[in-house]
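Per-entry structural report
Single-letter residue listing:
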Amino acid sequence: MTMPEATVVADGGDMVNGPEDHLLDWDAVRWRTVEDEVRRLRQRIFAASQAGDHKRVRNLQKLMLRSRSNALVSARRVTEVNAGRKTAGVDGKVVVTPQQKAELADWVQHQAEPWSPRPVKRVYVPKSKGRRRPLGIPVIADRCLQALTVNALEPEWEARFEPKSYGFRPGRGCHDAIVAIHTTASRTDAKRLWVLDADLAAAFDRLNHDHITTSLGGFPARELVRQWLRAGVIENGRFAPTEEGAPQGGVISPLLLNVALHGMEAAAGVRYHVTGTRAGKTMPGCPAVIRYADDLLALCHSREQAEQVKARLAEWLAPRGLVFNEDKTRITHLDRGVDFLGFSIRRFRGGKLLTKPSNEALRRIRKRLSTEVKALRGANADAVIAKLNPIITGWAAYYRIGVSSRAFNALDAHVWRLVYKWARISHPNKPTRWVTTRYFGKFNPVRQDRWIFGSRHTGFFLRKFAWTAIVRHRMVVGTASPDDPSLSGYWATRRRRSKPPLGKTMLHLLQAQHGRCSICRGLLLLADREPQSPHEWEQWLAVTRKAMRCSESSGQVRRV
């Protein structure tokens, strides 16, 4: 990536759309103004797509692809927000300094010549049972261009996506999918009790390139998307072409998967009322399909209907290059239960449906906690607390929408045994009373619990799973999207009601600041996308606490 020469100026204004002669001071950018400009342009694309005005959609998408604000937001996303921001591609380059970030944004907007995408770097991350998931890491320039392209392409498709699609979409997440299942099957007179629990085999790696490019129609950057798909992979120094699939790790890949899978509900036979008081409700007799990325559940009236849905979907998936993973695809009854997105969903006597953390999820968190504590032998109590607190808080934040109190208490008992054993091993020659007095007590002043693990030197203490209150998640309504300009009030209300699992003091300060940074006025609260896994919750909560500073004099929250 060759950056153009530019002059750095400190002015943070007048940087929305249009060309710029100077490179702005990154630290002086007014991010609220920039983000508002991108949001308004996304809403205009959404409204034009919803109205079926394709010519206006293309013109607005071209404007978005040239937008100075979009270039700044995209550069910020891949250099400050994304988890892999410090992971280099095949060129070995990362962008970390403010000047480098400003140069990247300027280059994205003012490319002197057409860009040729670089191959992705193949890396592997561990999965369960010793397996590995292949990821493709694009170079930082491609990541930024993909983020720029997503802001132009996503609003068009948000106006078209089906209502029960929840994965990798703004304003939607795992919790919405779980509540959608619960809402469909929890009524005492519920009739959709047979479940097709389906998983697509290596969905990202098998996507048909021709089908995706055809689906994009006249999108202005369609040729660039095609080049990203065919850029190839470098693994162990060797280049391999990519004839199919989209690299996991690419910014645009999740959106392309959703584009490829658009129409799945219609293919499965799902029909909705379009008029009257039941508009948006599923029609009687047809199945209900809830999809999160490449995982889906089809709730059916009978085993025969579930078999029919599976056959129809298998035929529909073939042109997209996709097939079911038969080892993970099964038809079962809700009386026997089904696991989905880490939750166990099961119907009990009397028609009572309970959603709990799955046994597999409990096994994984116990194993992780045990491994972490064992690795901390020889460290001090503060190190144990610093390591375990984000894990505990993040896991509890993800599972707090279910019937999780019993699981939380069981995990607290497991953690207590782990830290007690850690304390005894750390002081093998000390009596039990000395160990318990040193490491256990009423460290939390708002809890009447004298068995809290903590540090006598700093006062820091280990959180408990059970301290996270159980909440009832409110599912996103129908096809509602943050890009819909007519629903801005709905999303503002939804954001206020979705309180993150922070302490009372921090929540009070956030409320006083209206959830915004007192300096840049950017949102501190979760806005368009909640974390989608216990690990993402863990990362978000850790970063949020680290990034916010409380001013004793003014009681303000700052984001740095």
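Anything mentioned here points back to the structure above.
Remember, it's a predicted structure, so these values are computed and weren't measured experimentally.

**Details of the overall build of the protein**
A count of helical and extended segments in the protein gives 19 helices and 17 strands. Sequence separation of at least 24 residues holds for 67% of the intrachain contacts in the protein that already meet a minimum separation of 6. Total accessible area computed for the protein in this model is approximately 27,300 Å², and 50% of it derives from carbon and sulfur atoms.

**Some points on the packing of helix α14 (residues 381–399) against helix α15 (residues 405–426)**
In the contact formed by α14 and α15, the axes pass within 13 Å of each other and the chain directions differ by 170°. Classified by the interaxial angle, the pair formed by α14 and α15 is roughly antiparallel. Each of Ala 381, Val 384, Leu 388, Trp 395, Ala 396 and Tyr 399 in α14 lies in contact with α15, whose residues at this interface are Phe 408, Leu 411, Val 419 and Trp 422.

**Points about the sheet that holds strand β10 (residues 330–333)**
Strand pairing in a sheet takes place through backbone hydrogen bonds and is either antiparallel or parallel in direction. The antiparallel open sheet is built from four strands, whose spatial order is β8-β9-β5-β10. Bordering the open sheet on either side are β8 (288–292) and β10, each of which pairs with just one other strand. Between one strand axis and the next, the sheet turns by 20° as a mean value, whatever way the strands run. Pairing of strand β5 (residues 194–199) with β10, which is carried by four bridges, proceeds in the antiparallel orientation. In the strand pairing of β10, Leu 196 is matched with Ile 331. Its contacts with the sheet place helix α6 (residues 174–185) against β8 and β9 (295–300), and it is angled at close to 165° to β8.

**Some thoughts on the packing of aromatic side chains**
In this description, an aromatic ring pair is defined by two values, namely the gap between the centres and the angle between the planes. Applying the stated criterion across every chain yields a total of 23 aromatic pairs. Here Trp 26 and Trp 31 contribute two aromatic rings whose centre-to-centre distance is 5.0 Å and whose plane-to-plane angle is 65°, an arrangement assigned as edge-to-face. Here Trp 26 falls in the buried class, since its relative accessible area comes to 4%. Members of the aromatic cluster, joined through ring pairs, are Trp 416, Tyr 420, Trp 422, Tyr 439, Phe 440, Trp 451 and Phe 453. In this structure, Arg 160 is placed above the aromatic ring of Trp 157, and the distance from its NZ or CZ to the ring centre is 3.8 Å.

**Some details on the sheet that holds strand β4 (residues 132–137)**
One open sheet holds the four strands; their spatial order is β4-β3-β6-β7, and the pairing between them is mixed. Because the sheet does not close on itself, it has two edges, and the strands there are β4 and β7 (238–240). Going from strand to strand, the sheet's axes swing by 40° on average, the running direction of each strand aside.

**Focus on unusual backbone geometry**
One non-glycine residue with positive phi stands out, namely Phe 168, at about 55°. Within the fold, Phe 168 resides in the loop between α5 (140–158) and α6. In this model, Ala 202 sits at a positive phi of 45°, which is unusual for a non-glycine residue. Structurally, Ala 202 can be placed in the loop between β5 and α7 (203–206). Take Ala 202: its relative accessible area is 40%, and that puts it in the partly exposed class.

**Some words on the side chain of Arg 400**
Relative to the elements of secondary structure, Arg 400 occurs in the loop between α14 and α15. At a separation of 3.3 Å, a polar atom in the side chain of Arg 400 contacts the main-chain carbonyl oxygen of Ala 397.

**A short note on α15**
An α-helix turns once per 3.6 residues; consequently, residues spaced three or four apart project the same way. Compared with the 32 Å implied by 1.5 Å per residue over 22 residues, the 31 Å span of α15 between its first and last C-alpha is a close match. Within α15 the residues assigned to the buried category are Ala 407, Phe 408, Leu 411, Asp 412, His 414, Val 415, Leu 418, Val 419, Tyr 420, Trp 422 and Ala 423. Check the buried side of α15 and you find it contacts β13 (353–357), α13 (359–375), α14, α16 (432–439), β14 (440–441) and β15 (452–453).

**As for the environment of Ser 370**
With respect to the helices, strands and loops of the structure, Ser 370 is situated in helix α13. Overall, the relative accessible area of 26% leaves Ser 370 in the partly exposed class. Between the alpha carbons of Ser 370 and Arg 417 there is a distance of 9.8 Å; along the sequence they are 47 residues apart. There is a polar contact of 2.9 Å between the side chain of Ser 370 and the backbone oxygen of Arg 366. Here His 414 takes part through its side chain, which lies 3.2 Å from a polar atom of the side chain of Ser 370.

The rules behind each value
- Residues numbered from 1 in each chain as written.
- Predicted model: local features only at pLDDT ≥ 70, side-chain atom pairs only at ≥ 80, totals over all residues.
- Heavy atoms only, no water.
- Helix = DSSP H or I, 4+ residues; strand = E, 2+ residues; numbered from the N terminus.
- Contact = heavy atoms within 4.5 Å.
- Areas by Shrake-Rupley, 256 points an atom, 1.4 Å probe, with all protein chains shown as cover.
- Axes fitted to C-alpha atoms, helices over the stretch in contact; angles between N-to-C directions.
- Parallel < 35°, antiparallel > 145°, perpendicular 65-115°, else oblique.
- Pairing = 2+ DSSP bridges.
- Phe/Tyr/Trp six-rings, centres within 6.5 Å; stacked < 30°, edge-to-face > 60°.
- Buried < 20%, exposed > 50% of the residue type's maximum accessible area, 1.4 Å probe, protein only.
- Lys NZ or Arg CZ within 6 Å of the ring centre and 35° of its normal.
- Polar contact = N/O pair within 3.5 Å; in protein donor to acceptor, adjacent residues only side chain to side chain.
- Expected span 1.5 Å × (residues − 1).

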